[in-house]
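Results of the structural survey
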Amino acid sequence: MQITVFAFAHTRDQLGFGEKVLTCEAQDTPRAILRRLAPRFDPGKTVRVAVDREYADWDQPIGSASELALIPPVSGG
Amino acid sequence: MQITVFAFAHTRDQLGFGEKVLTCEAQDTPRAILRRLAPRFDPGKTVRVAVDREYADWDQPIGSASELALIPPVSGG
Amino acid sequence: MKKQIEFTRAPIVVPPQPGKLREIGACVEFHGIVRKMENGRVIPALFYEAYEAMARSQLERIADELNAAHPCDELCLIHRLGPVPTGEASMYLRVLSRHRQEAFDFAAAFVTRLKADAPIWKTPAPASQCTAP
Amino acid sequence: MKKQIEFTRAPIVVPPQPGKLREIGACVEFHGIVRKMENGRVIPALFYEAYEAMARSQLERIADELNAAHPCDELCLIHRLGPVPTGEASMYLRVLSRHRQEAFDFAAAFVTRLKADAPIWKTPAPASQCTAP
């Protein structure tokens, strides 16, 4: 299966892409996917992850999700 | 000295005037002035009095004030 | 704090925003609108009257007091008098501040204080003006 | 509750009020404005970006949650993306309700929740879009 990984704001700058399509398995976790994509990138405690447009757990398998997004600290408004 | 007495909203309807000029003394209280003006009118607990555009005490002498107003429950906004 | 307090017998026209704002980060506005149902019955309009001079001084004092607790930069209040048809605004308030929370808190508290203490009255129909008892 | 949530790359134009309002008694509006000083330094503009699809669904859910606590009738949100010059609004919010307190509480809480959870970001200068590391 395929998943689209989005990176926004400074995570986009750090990762060097804003969007990338990746092959993965249902049991993959966001953390594992990110590690495969950018082995040296550490989301730390401030970067959240969204799976199919919902905030999710870094260690919860993605299941049938088709979108994964890195959400650095937000600052809208 | 003279004082102008204003009545608003339902106090105007009850008293039958919106504005009346009256001769009075510095030691007169709003309550005494009102009693002279309308012996049967009872402000009760809900009608406030303003002296020179400030909420005042019904039993405090008016001093050199030139305006007295009956303030029934307000409902602006 | 800059204060502009007005009473009008015409429909409220929102004044233009002060051009480029220095350090203003928040603008909170409030329209109080006459509802069709007032105390359970349908009304075509409300009639507002005020002891204008006192209302103005009361509202200026209320603004100063609230400004101490919720520092804001600018207040504009327009309150309508006379008949106000259903669906039209009886009052308009605009509060400008550096940060949003102050403007929200100021605006909400200002309306509450206005309703409690400003000598302004509404009646469902035009009040009789000076009829003998 | 009727919800209208929009993102725009053009200056925000406040949409006209819905004509004669049924039982609406309060209209609370908020403009968030870009200040000249951001974190102690003068800036000419902020640059906003969003994960639009997620922001929209997050904001709709936030609205539904707040509506349970502060029942309101209508919400209109316009959030700007791209560069927003100093002195211009980066967001506009309008909340309509029967009684004012609900609209004030809803509006203030909605902005707080938006700032905490909506995937929207601002940077002082245009962020690089897709440069290699």
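See the structure above.
Structure report, in brief. (Residues numbered from 1 in each chain as written. Chains lettered and ligands numbered in written order. Predicted model: local features only at pLDDT ≥ 70, side-chain atom pairs only at ≥ 80, totals over all residues. Heavy atoms only, no water.)

Topic: the interface of chain C and chain B
Stated formally: Residue contacts are counted whenever heavy atoms from the two residues lie within 4.5 Å of one another. The quantity reported as buried area is the accessible area (1.4 Å probe) lost by two parts once they are put together, taken as the sum for both. For this document, the term salt bridge refers to a Lys or Arg side-chain nitrogen within 4 Å of an Asp or Glu carboxyl oxygen. We define a polar contact as two N or O atoms separated by no more than 3.5 Å, with the added condition that, inside protein, one atom must be a possible hydrogen donor and the other a possible acceptor, whereas residues neighbouring each other in sequence contribute only through side-chain atom pairs. Every helix listed is a DSSP run of H or I at least four residues long, and every strand listed is a run of E at least two residues long, numbered separately from the N terminus.
At the interface, 28 residues of chain C touch 24 residues of chain B. Buried area between chain C and chain B, both sides added, is near 2000 Å², and the carbon and sulfur share of it is 49%. Of all residues in chain C, C:Tyr51, C:Met54 and C:Trp121 bury the most surface against chain B, accounting for 31% of the area lost on that side. Counting every contact that joins chain C to chain B gives three salt bridges. In this structure, the salt-bridge partner of C:Glu49 is B:Arg12, at a minimum N-O distance of 2.7 Å. For the pair chain C and chain B, the interface holds 15 residue pairs in polar contact (both at pLDDT 80 or more). Those elements giving two or more residues to the side of chain C that touches chain B turn out to be β5 (45-50), α1 (52-69), β8 (89-97), α2 (100-117) and β9 (120-123) of chain C. Per-element accounting of the side of chain C that touches chain B gives the leading share, five residues, to α1(C).

Some thoughts on the relation of the copies chain C and chain D
Using the following cut-off: Superposing copies: least-squares fit, C-alpha atoms only, residues required to have pLDDT of at least 70 in both.
In the superposition of chain C on chain D (RMSD 0.0 Å, axial shift 0.0 Å), the rotation amounts to 180°. What the superposition gives is, in effect, a two-fold axis relating one chain to the other. Among all residues of chain C, the one whose C-alpha sits closest to the rotation axis is C:Glu29, at a distance of 2.4 Å.

Thoughts on helix α1 (residues 52-69) of chain D
Rules: An expected span of 1.5 Å times one less than the residue number is assigned to each helix. Three labels apply to residues, based on accessible area from a 1.4 Å probe with only protein chains included: buried if under 20% of the type maximum, exposed if over 50%, partly exposed otherwise in between.
In this model, α1(D) (18 residues) spans 26 Å end to end at C-alpha, consistent with the 26 Å of a helix rising 1.5 Å per residue. Restricting attention to buried positions, one finds in α1(D) the residues D:Met54, D:Ala55, D:Gln58, D:Leu59, D:Ile62, D:Ala63, D:Leu66 and D:Asn67.

Points about the interface of chain C and chain D
Threshold: Each residue gets one of three labels, nonpolar for Ala, Val, Leu, Ile, Met, Phe, Trp, Tyr, Cys and Pro, charged for Asp, Glu, Lys and Arg, and polar for the others, Gly among them. Strand pairing is assigned whenever DSSP identifies at least 2 bridges connecting the two strands.
Listed as interface residues are 31 residues of chain C and, on the opposing side, 31 residues of chain D. When the buried area of chain C at its contact with chain D is split by residue, C:Arg35, C:Arg100 and C:Phe104 rank highest and sum to 24% of it. Joining chain C to chain D, the criterion identifies zero salt bridges. In this assembly, chain C and chain D are joined by nine residue pairs in polar contact (both at pLDDT 80 or more). Put simply, the parts of the chain that give the side of chain C that touches chain D at least two residues each are β2 (26-33) and α2 of chain C. By residue class, the composition of the side of chain C that touches chain D is 12 nonpolar, nine polar and 10 charged. Pairing of β2(C) with strand β2 (residues 26-33) of chain D involves seven bridges; the strand directions are antiparallel. Bridged to C:Cys27 within β2(D) is D:His31.

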